[in-house]
Amino acid sequence: MSKTYHLLRNYIFSALVIITIWILCFIDIPETPLSKFSLIDKWTHFAMYGGLCSVIWMEYLYSHRKDTSISSLKKDMFLWGFLMPFLMGGLIEILQANCTNGRRSGDWLDFLADGIGVLIGQIIGILLARFLSRGKKDN
């Protein structure tokens, strides 16, 4: 079985969230009643990236349910659960600023909201991992 197939099989929801984020970040967003709320786009970025990190953590913990020791999580989840989503947010903002002919604009505050979402998603994942590792010790 190829490594790509293994990753897609174990992280299908993460892949779907990533694809959704890329699509939403490059389509024209229509006006909605929510557009009237202050900083609604920042809250959206926060929710998208917090959700992405949470989904990555849940799928990681599910696919590694036999070995969820905290030490094994540190390196993998720093890279895949924190650094990669954070860098993806920055890359998307750069591409929006330079490749959308002015339809979308790169915004540092969007990137900050992405980063805060990633951080909160990471905290949720770490707490979930600690909770699950305690449950295994009790059994």
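Residues numbered from 1 in each chain as written. Predicted model: local features only at pLDDT ≥ 70, side-chain atom pairs only at ≥ 80, totals over all residues. Heavy atoms only, no water.

**Digging into the nonpolar core**
Working step 1: Within the largest apolar cluster, 16 residues are counted, with the highest numbers of intra-cluster contacts made by Ile-21, Tyr-49, Met-88 and Ile-92.
Working step 2: When contributions to this core are tallied by element, the ones reaching two or more residues are α2 (12-26), α3 (40-63), α4 (70-99) and α5 (108-138).
Working step 3: The element best represented in this core is α3, accounting for eight residues.
Working step 4: The contact partners of Ile-92, leaving out residues within four places of it in the chain, are Ile-21, Trp-22, Cys-25, Phe-26 and Tyr-49. (Core = buried A, V, L, I, M, F, W, Y, C linked by side-chain atoms within 4.5 Å. Buried < 20%, exposed > 50% of the residue type's maximum accessible area, 1.4 Å probe, protein only. Helix = DSSP H or I, 4+ residues; strand = E, 2+ residues; numbered from the N terminus. Contact = heavy atoms within 4.5 Å.)

**What about the confidence of the model for the protein?**
Working step 1: On average, residues of the protein score 87 in pLDDT, and 90% of them reach the 70 mark or higher.
Working step 2: The spread of mean pLDDT over the elements of the protein runs between helix α1 (residues 3-10), the lowest at 81, and α2, the highest at 96. (pLDDT = per-residue confidence, 0-100.)

**Considerations on the side chain of Lys-42**
Working step 1: With respect to the helices and strands, Lys-42 occurs in helix α3.
Working step 2: On the basis of relative accessible area, Lys-42 is assigned to the buried category, the value being 13%.
Working step 3: Only 2.7 Å separates the side chain of Lys-42 from the side chain of Asp-107, close enough to count as a polar contact.
Working step 4: The contact partners of Lys-42, leaving out residues within four places of it in the chain, are Asp-107, Leu-109, Asp-110 and Ala-113. (Polar contact = N/O pair within 3.5 Å; in protein donor to acceptor, adjacent residues only side chain to side chain.)

**Things to note about the pattern of salt bridges**
Working step 1: Using the criterion set out here, one finds four salt bridges in the structure.
Working step 2: Across the salt bridge formed by Arg-103 and Asp-28, the nearest N and O atoms sit 3.1 Å from each other. With a gap of 75 residues between them, Arg-103 in the loop between α4 and α5 and Asp-28 in the loop between α2 and α3 connect regions that are remote in the sequence.
Working step 3: One salt bridge in this structure joins Asp-110 and Lys-42, with 2.8 Å as the shortest N-O distance. (Salt bridge = Lys/Arg side-chain N within 4 Å of Asp/Glu carboxyl O.)

**Considerations on the layout of surface pockets**
Working step 1: Counted as a void, the largest pocket has a volume near 590 Å³.
Working step 2: Lining the largest pocket we find 22 residues, and of these Leu-7, Tyr-11, Ser-14, Ile-56 and Trp-80 sit closest to its centre.
Working step 3: Taken together, the elements giving at least two residues each to the lining of the largest pocket come down to α1, α2, α3 and α4.
Working step 4: Taken together, the residues of the lining of the largest pocket sort by class into 14 nonpolar, six polar and two charged.
Working step 5: If you add up the space inside the second largest pocket, you get close to 490 Å³.
Working step 6: Every residue lining the second largest pocket is counted, 19 residues in all, and those nearest its centre are Ile-29, Ile-40, Asp-41, Thr-44 and Arg-104.
Working step 7: For the lining of the second largest pocket, the element with the most residues is α3, which contributes six residues.
Working step 8: Class assignment for the residues of the lining of the second largest pocket results in seven nonpolar, six polar and six charged. (1 Å grid on protein atoms, 1.4 Å probe; cavity = no way out; pocket = protein on both sides within 12 Å on 5 of 7 lines; lining within 4 Å. Points joined across faces, edges and corners; volume = space filled by probe spheres on them. Nonpolar A, V, L, I, M, F, W, Y, C, P; charged D, E, K, R; others polar.)

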